Amino acid sequence: MLRFLLLKTLILPRRSNFTSPLVAGTPSAPSPVSSVFLLPHPLSPHSVSGELVSVCEELGVMDVVSNEQSDAAANAEAEAQPGEQQMSKRAQKKLLKQQRYEAKKAQKKAAEKEHKKREADRKRKEWDEKLSGVDEEERAKLFDARRGLRMERMEKRNEEKADKIERLAKAKEHGQNIVIDLEFAHLMSPNEINSLTQQITYCYAMNGRCSSPSHLWLTGCSGDMETQLQKIPGYPNWIIEKESRSYIEALHDRKDDLVYLTADSETMLDSLDPKKLYIVGGLVDRNRWKGITMNKATEQGIQTAKLPIGEYLKMSSSQVLTVNQVIEILLKFLETGDWKTSFFHVIPQRKRHEADLDVAQGGKEEVRMEM
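Residues numbered from 1 in each chain as written. Predicted model: local features only at pLDDT ≥ 70, side-chain atom pairs only at ≥ 80, totals over all residues. Heavy atoms only, no water.

Glancing now at the nonpolar core. Counting residues in hydrophobic clusters, the biggest one holds 59 residues, and the most contacted among them are Leu 182, Ile 200, Leu 229, Leu 307 and Trp 339. Looking at this core element by element, the count peaks at 7 residues for helix H10 (residues 323-336). Those residues in contact with Leu 229 that lie beyond four places of it in its chain are Leu 182, Thr 197, Ile 200, Leu 218, Cys 221 and Tyr 235. (Core = buried A, V, L, I, M, F, W, Y, C linked by side-chain atoms within 4.5 Å. Buried < 20%, exposed > 50% of the residue type's maximum accessible area, 1.4 Å probe, protein only. Helix = DSSP H or I, 4+ residues; strand = E, 2+ residues; numbered from the N terminus. Contact = heavy atoms within 4.5 Å.)

A few words on the pairing of strand E4 (residues 258-261). Of the two faces of E4, the one holding Leu 258 and Tyr 260 and the one holding Val 259 and Leu 261 are both buried throughout. The sheet contact formed by E4 and strand E5 (residues 277-281) spans 4 bridges and is parallel. Counterpart to Leu 261 in the pairing with E5 is Val 280. In this sheet, strand E6 (residues 303-305) lies alongside E4 in parallel orientation, the contact comprising 3 bridges. Residue Val 259 lies in a different strand from E6, and its bridge partner there is Gln 303. (Pairing = 2+ DSSP bridges.)

Attention now goes to the packing of aromatic side chains. Here the structure, examined in full by the defined rule, presents 7 aromatic pairs. Here the aromatic rings of Tyr 235 and Trp 238 are separated by 5.0 Å at their centres, their planes lie at 70°, and the arrangement is edge-to-face. Relative accessible area serves as the criterion here: at 11%, Trp 238 is assigned to the buried category. The interplanar angle of 50° and the centroid separation of 5.9 Å between the aromatic rings of Tyr 312 and Phe 343 together place this pair among those described as tilted. Here Phe 343 lies in helix H11 (residues 339-346) and Tyr 312 lies in the loop between E6 and strand E7 (313-315), a separation of 31 residues in the sequence. Every member of this aromatic cluster is reached through a ring pair, and the members are Tyr 312, Phe 333, Trp 339 and Phe 343. The ring of Trp 127 carries Arg 146 above its face, with NZ or CZ at 4.3 Å from the centroid. For the cation-ring pair, Lys 242 lies above Tyr 235, with the distance from its terminal atom to the ring centre recorded as 4.1 Å. (Phe/Tyr/Trp six-rings, centres within 6.5 Å; stacked < 30°, edge-to-face > 60°. Lys NZ or Arg CZ within 6 Å of the ring centre and 35° of its normal.)

Written out as structure tokens, the structure reads:
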């Protein structure tokens, strides 16, 4: 009889004021087994008697109820997930700023393209007008003169290219060695890797224009970083050291001459030693990985140093320098021998103002290089 009553209890339809038939009243007529999904309270071994549990197990009801509870939990988690994935206000502002920057960049690129097109159309129109008002003999002279100017430009460009190759070849033997450490690609997004690639392009271009260029190294150049660099026109012909190995492996015989430039170092860089190899971390980190280059150098047991920016400038805004800015500062110092001139030439006006006497003497202002 008890088993019958318990079974009847399980299949009662759900009502707003449910009363157990074991406590008060006679059970209603049986309803379909699907009614177990509407039980007002979940069943568990802790809330029902052993006899009821036994009946439930025989009928497979406990599995149904357990599945129902799991589905409800999954639905609740799915409903809560969108709220958890919402970005913070700071992340939204950062994303909006990036979108505005990309839109402005695309607009500027389109404007430059349109300007070039207009200039080409203007020059072509002027040329056509000049030809239309002269006879055949004069026209031939104009074509010869134009051809001569093109030849002169080509010869000048070839001479400059040959001179650049010669200077870079000499720098390979006698120039200051500067290493860009590319072992941080796994910490960067595709956009950040692309940004670093552009910075490296600027570094190579600036170095090639110097009267006494340095010898640049790219170490740890592999994976996504190498793939992105290979897309640069002319990259295979660059006169630069390209190493897939880390600098600590490629330059193991010169470990004592390695100096990692990091703003977290306690050593101030007074001058550049021609015998040393200065390392700049290739990491566009947006200040996410503060101290990573210092920690890496310390673990490897190599020297560190920081640029003496605090001796000459007080940063007024972002304390971040890009890789190409650091390289340009080093190149400018090699040319002038003056840190202040180098800093004022490279660091944008919006990021700096002249340090007062106390700051200049204290040298406490540091700049975190974006590496």
